[in-house]
Amino acid sequence: MITADEFIAAAKARGHDFYTGVPCSFLTPLINGVLSSRALTYVGAASEGEAVAIAAGAWLAGRKTVVMCQNSGLGNAVNPLTSLNAPFRIPTLFVTTWRGQPGQPDEPQHEVMGRITQDLLALIEVPQAEFPAASEALGPALDQATARMNEGLPYAFVMKKGDVRDEALQAAPPALPRSGRRADWPEAGPRPTRAAVLERFLALTDDRTAVVATTGKAGRELFTLADRKQHIYQVGSMGGASGMALGVALNTAAPVVVLDGDGAALMKLGTFATIGAQAPGNLIHILLDNGVHDSTGGQATVSASVDFAAVALACGYQFAASCASLDGFEAAFRAATEAPRPALIHVRIAPGSMDKLGRPTVGPADVARRFKDFLAGLRPAAIGVGSAS
């Protein structure tokens, strides 16, 4: 058994200072230790997959990250670990607990995952080791993890009950966000295409705005219209773009914009609450809503009955707008850049995509490092559209 402070100090000595995750009773002392430290950042996520995406964004912005979760939630993390971290070669230290360990009494819902935790990590090609539960094991274990993460791979520790000594929480409760403001630009004429909205967006942003584009045709159209070093195109991890953008926004002074889709947003709607609670003052969330899963044949989503602007405000966003025309989008975007943030712009658009639709010709790992270098090269004074208010 070790103390939380021992693990935190050893990890901090190797650069790990950004933590995110979903609690487990086995993780209580470690999470409490992180929350009690003013030298560390902890973002409580709504889901394990969201935590992986947040950590990916934080890594892009220069932080070394730790994701913590219960193994029962490991399934929620499989998608981003395999379709985000793997293709983009984004490392994170992944700490999962071992509920349902064979031979140890536990609740029935943990039985299956308890039998397959290590096999599942091996199957998705995440290197792993037992959590270092002795002081003398900490350094060598973390050094081994670092060596693998330096290759661009996540690395997992599997924590058993009692590996870390109990520790009380000494952090103050978080402050609640104040009520935000709404402004709408009603529908006027035919809905614009996604490409037309993206063209207008590109005309409104400068070369110091970081842009995270969701998977599917949004990223492909953005790449076709203009490939810039400040763009990152998610090619998988559906629903993870807003979490990634949050991780970026919390760790840079630069303006950050996420281009999201209705299907993706619905898949990880809990991220709205995390963004609202974290309140990044430099994040604008643009939701391009065509009402369908465009990349897979046009099957309808349920977005027609969802007021995303109202959802955002209910979750703590400081500004939200809805619109359904190019001029309405421009007015909403200009308003968002002047309003307190985070801000959401819900744009109703027409289904369909560009006739000559390309795909990113720069591989995901190269796009990630290009984007990382872009963020590293920004000076703190380089604040423009979407800057903190």
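Refer to the structure printed above.
Residues numbered from 1 in each chain as written. Predicted model: local features only at pLDDT ≥ 70, side-chain atom pairs only at ≥ 80, totals over all residues. Heavy atoms only, no water.

(A) A look at the overall build of the protein chain. Counting its regular elements, the protein chain contains 14 helices and 15 strands. Computed over its C-alpha atoms, the radius of gyration of the protein chain comes to 21 Å, within 12% of the 21 Å expected for a compact globule of 389 residues. Overall size of the protein chain, expressed as C-alpha extent along the three principal axes, is 65 × 40 × 40 Å. Across the protein chain, contacts joining residues at least 24 apart in sequence account for 79% of those joining residues at least 6 apart. Of the roughly 15500 Å² of accessible surface on the protein chain, a fraction of 52% belongs to carbon and sulfur atoms. (Helix = DSSP H or I, 4+ residues; strand = E, 2+ residues; numbered from the N terminus. Rg over C-alpha atoms; globule rule 2.2 N^0.38 Å. Contact = heavy atoms within 4.5 Å. Areas by Shrake-Rupley, 256 points an atom, 1.4 Å probe, with all protein chains shown as cover.)

(B) Focus on the pattern of salt bridges. The tally for this structure, following the rule as stated, stands at 15 salt bridges. The partner of Arg182 in a salt bridge is Asp184, and the shortest N-O contact between them spans 2.8 Å. Taking the relative accessible area as the measure of exposure, Arg182 reaches 32% and is therefore partly exposed. Its salt-bridge partner being Glu330, residue Arg200 comes within 2.8 Å of it at the nearest N-O pair. Placement of the pair is Arg200 in helix H7 (residues 194-204) and Glu330 in helix H13 (residues 326-338), with a sequence separation of 130 residues. The class of Arg200 is partly exposed, set by a relative accessible area of 22%. (Salt bridge = Lys/Arg side-chain N within 4 Å of Asp/Glu carboxyl O. Buried < 20%, exposed > 50% of the residue type's maximum accessible area, 1.4 Å probe, protein only.)

(C) Quick look at the pairing of strand S3 (residues 64-69). For S3, the buried fraction is high: five of the six residues fall into the buried class. As paired elements, S3 and strand S4 (residues 93-97) share four bridges and run parallel to each other. When the bridges of S4 are listed, Cys69 appears paired with Thr96. Of the crossover connections in this fold, the one passing from S3 over helix H4 (residues 74-88) to the parallel S4 is right-handed. (Pairing = 2+ DSSP bridges. Right-handed = clockwise from strand over helix to strand, strands pointing away.)

(D) Representation of the sheet that holds strand S8 (residues 210-213). Ordered by their spatial adjacency, seven strands build an open sheet running S7-S14-S15-S11-S10-S8-S9, and the pairing between neighbours is parallel. For this open sheet the edge positions go to strand S7 (181-182) and strand S9 (231-233), each flanked by a neighbour on one side alone. With three bridges joining them, S8 and S9 adopt parallel strand pairing. Bridge assignment links Ala213 to a residue of S9, and that residue is Tyr233.

(E) Seen up close, the packing of aromatic side chains. Considering all chains together, one arrives at nine aromatic pairs under this definition. Here the aromatic rings of Phe201 and Phe333 are separated by 5.9 Å at their centres, their planes lie at 85°, and the arrangement is edge-to-face. Taken together, the residues Phe201 in helix H7 and Phe333 in helix H13 connect sequence positions 132 residues apart. Consider the rings of Phe223 and Tyr233, whose centres lie 5.6 Å apart with planes at 90°: the pair is edge-to-face. Note that Phe223 is positioned in helix H8 (residues 217-225) and Tyr233 in strand S9, a separation of 10 residues in sequence. Looking at Tyr233, the relative accessible area reads 4%, which means it is buried. Chaining the aromatic ring pairs together yields one cluster made of Phe7, Phe131, Tyr155 and Phe157. Stacked on the ring of Trp59, the Lys or Arg Lys372 has its end atom at 4.9 Å from the ring centre. (Phe/Tyr/Trp six-rings, centres within 6.5 Å; stacked < 30°, edge-to-face > 60°. Lys NZ or Arg CZ within 6 Å of the ring centre and 35° of its normal.)

(F) Quick look at the layout of surface pockets. Space inside the largest pocket adds up to approximately 600 Å³. Of all the elements in the fold, those that place two or more residues in the lining of the largest pocket are helix H2 (28-35), strand S2 (41-44) and helix H11 (270-278). In terms of residue count, H11 provides more of the lining of the largest pocket than any other element does, four residues in total. Along the lines of polarity and charge, the residues of the lining of the largest pocket split into 12 nonpolar, seven polar and one charged. (1 Å grid on protein atoms, 1.4 Å probe; cavity = no way out; pocket = protein on both sides within 12 Å on 5 of 7 lines; lining within 4 Å. Points joined across faces, edges and corners; volume = space filled by probe spheres on them. Nonpolar A, V, L, I, M, F, W, Y, C, P; charged D, E, K, R; others polar.)

(G) Seen up close, the side chain of Ser83. Secondary-structure assignment places Ser83 in helix H4. Judged by its relative accessible area of 17%, Ser83 falls in the buried class. Separated by 2.7 Å, the side chain of Ser83 and the backbone oxygen of Asn79 make a polar contact. Here Ser237 takes part through its backbone nitrogen, which lies 2.8 Å from a polar atom of the side chain of Ser83. Discounting residues that sit within four places of it in the chain, Ser83 has contacts with Gly236 and Ser237. (Polar contact = N/O pair within 3.5 Å; in protein donor to acceptor, adjacent residues only side chain to side chain.)

(H) Just the environment of Ala183, in detail. By the element assignment, Ala183 lies in the loop between S7 and H7. With a relative accessible area of 17%, Ala183 lands in the buried category. Distance from Ala183 to Asn290, taken between C-alpha atoms, is 21 Å for residues 107 residues apart in sequence. Leaving out residues up to four positions away in the same chain, Ala183 has contacts with Phe319, Ala320, Ala321 and Ser322.

Purely geometric stuff here, so don't read any function into it on its own.
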